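Architecture at a glance
Okay, here's what each chain looks like letter by letter:
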Amino acid sequence: MRIFISHIISTAIIAAALLLPAKAVAQTDAQYSQYYEVPSYYNPSAIGQTDFLRIRGGMRMQWVGIDNAPRDFVATADMPLKLLGKRIGLGVLFDTDKAGLYSSLNAGAQISYARRLFGGSLSAGLQIGFFDQGFKGSEVYIPDDDNYHDSTDDGIPTQDIHGTALDLAFGLWYTHRYFSAGLSATHLTSPTVTMTAETASGGSQTTAREYQFQARRTLYFTAQSNIPINNTLFEIVPSVLVKSDFSFTTGEATVRCRYDKFLSFGLGYRWRDAIIATVAAEFKNIFIGYSYDYATSAIAKASSGSHEVFAGYRMKIDMSDKNRHRHKNIRIM
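Criteria and cut-off values
- Residues numbered from 1 in each chain as written.
- Predicted model: local features only at pLDDT ≥ 70, side-chain atom pairs only at ≥ 80, totals over all residues.
- Heavy atoms only, no water.
- Helix = DSSP H or I, 4+ residues; strand = E, 2+ residues; numbered from the N terminus.
- Buried < 20%, exposed > 50% of the residue type's maximum accessible area, 1.4 Å probe, protein only.
- Polar contact = N/O pair within 3.5 Å; in protein donor to acceptor, adjacent residues only side chain to side chain.
- Contact = heavy atoms within 4.5 Å.
- Phe/Tyr/Trp six-rings, centres within 6.5 Å; stacked < 30°, edge-to-face > 60°.
- Lys NZ or Arg CZ within 6 Å of the ring centre and 35° of its normal.
- Pairing = 2+ DSSP bridges.
- Salt bridge = Lys/Arg side-chain N within 4 Å of Asp/Glu carboxyl O.

Another aspect to go through is the side chain of Arg 56. By the secondary structure assignment, Arg 56 is in strand E1 (residues 52-61). By relative accessible area, Arg 56 is classed as buried at 16%. There is a polar contact of 3.4 Å between the side chain of Arg 56 and the side chain of Glu 37. In this structure, Arg 56 is in contact with Glu 37, Val 38, Val 74, Ala 75, Thr 76, Phe 287, Ala 311, Gly 312 and Tyr 313, ignoring residues within four places of it in sequence.

Set out below in structure tokens:
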């Protein structure tokens, strides 16, 4: 009966999330179809949930066939730790994104603390790091042989510039035997990155011009459930991710079928954007996964789709207190 109720709760959470509205506007954070493999990228409280040191890395090539389309890379690592008798989670995050002449880098350290609640575990997590934004102005090309362009436009830098700002994220994560769900906010302070370009103003004097980029505060909701199929080695793993920066809201859902905790395959749908096919395998603590996005929007006419590859490794950590204070006594007879 408890299994059935838990499945109803998790299904209701996912269904409610999919009913949220959507708009087609760009966001600051990268888009990953295998979001369920790097939950700590979206939520710092998702770290330290198991007794393993977990390492994940992934690369995404979006809209293959379109010049200067987004290219993303993410790496995460987390582990549990006992401190003063309390269990905490520690993690790190590194993410880069490049689209056109723009590039960004997001890196941070994460910590979480969990307490037992309603038969599960509720954790709160904080991420402290920095957000770096760059613009490759040296590659800007502005035609000057017509009446529609101004090659001396001061609003466009003609040299490579970048800037860095403090970045924070916070989240809550609830884990039950049969489902998990999280709510978080990245770029919590909506940091403004200031980039400075120096230009010659005559003689040996130079002038500085500042350009600013603001990282949008983004809210995330994620949920996942494991539903075993009776008398088989198969289980169904539905998951959902919803994100909003208050001007852009979108969501995606994925349903995977996993066999013997070894091989999994599934399908997903990103609202008004793409249909996703994914396949993954786990063997002796090593993980590898691949996903392909087929665009459902007009961009499919110019692109052959998006590709994403993830890989990871996990190592068991002994969290017990057994023999922790055991000493060897050597006596010479």
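On we go.
Further remarks concern the packing of aromatic side chains. This model, assessed by the stated rule, comprises nine aromatic pairs. With 6.1 Å between their ring centres and 45° between their planes, Tyr 174 and Phe 179 make a pair best called tilted. Like Phe 179, Tyr 174 is buried. One aromatic cluster in this structure is built from Tyr 32, Tyr 41, Tyr 42, Tyr 220 and Phe 310. Here Arg 56 stacks its cationic end above the ring of Phe 287, 4.3 Å away from the centre of that ring. Against the face of Tyr 36 rests Arg 256, its NZ or CZ located 3.7 Å from the ring centre.

A word on the pairing of strand E17 (residues 306-316). Of the pairings in the sheet, the one linking E1 to E17 comprises 10 bridges and is antiparallel in character. Across the sheet, the residue bridging to Arg 60 is Glu 308, located in E17. As paired strands, strand E16 (residues 286-295) and E17 are joined by eight bridges and run antiparallel to one another. In the sheet register, Tyr 292 faces E17, and the bridge partner there is His 307.

Okay, the pattern of salt bridges next. Scanning the entire structure with this criterion turns up 15 salt bridges. Between Glu 37 and Arg 56 there is a salt bridge; the shortest N-O distance is 3.4 Å. With Glu 37 in the loop between helix H1 (2-18) and helix H2 (39-42) and Arg 56 in strand E1, this residue pair connects regions lying 19 residues apart in the sequence. Each member of the pair, Glu 37 as well as Arg 56, carries the same accessibility label: buried. In this structure, Asp 293 engages Arg 60 in a salt bridge whose closest nitrogen and oxygen atoms are separated by 2.7 Å. One end of the pair, Asp 293, is in strand E16; the other, Arg 60, is in strand E1, and 233 residues separate them in sequence. Owing to a relative accessible area of 2%, Asp 293 belongs among the buried residues under this scheme. Taken together, the shared-partner salt bridges connect Arg 60, Glu 252, Arg 270, Asp 273, Asp 293 and Glu 308 into one network.

These results come straight from atomic positions and should not be treated as a statement about function.
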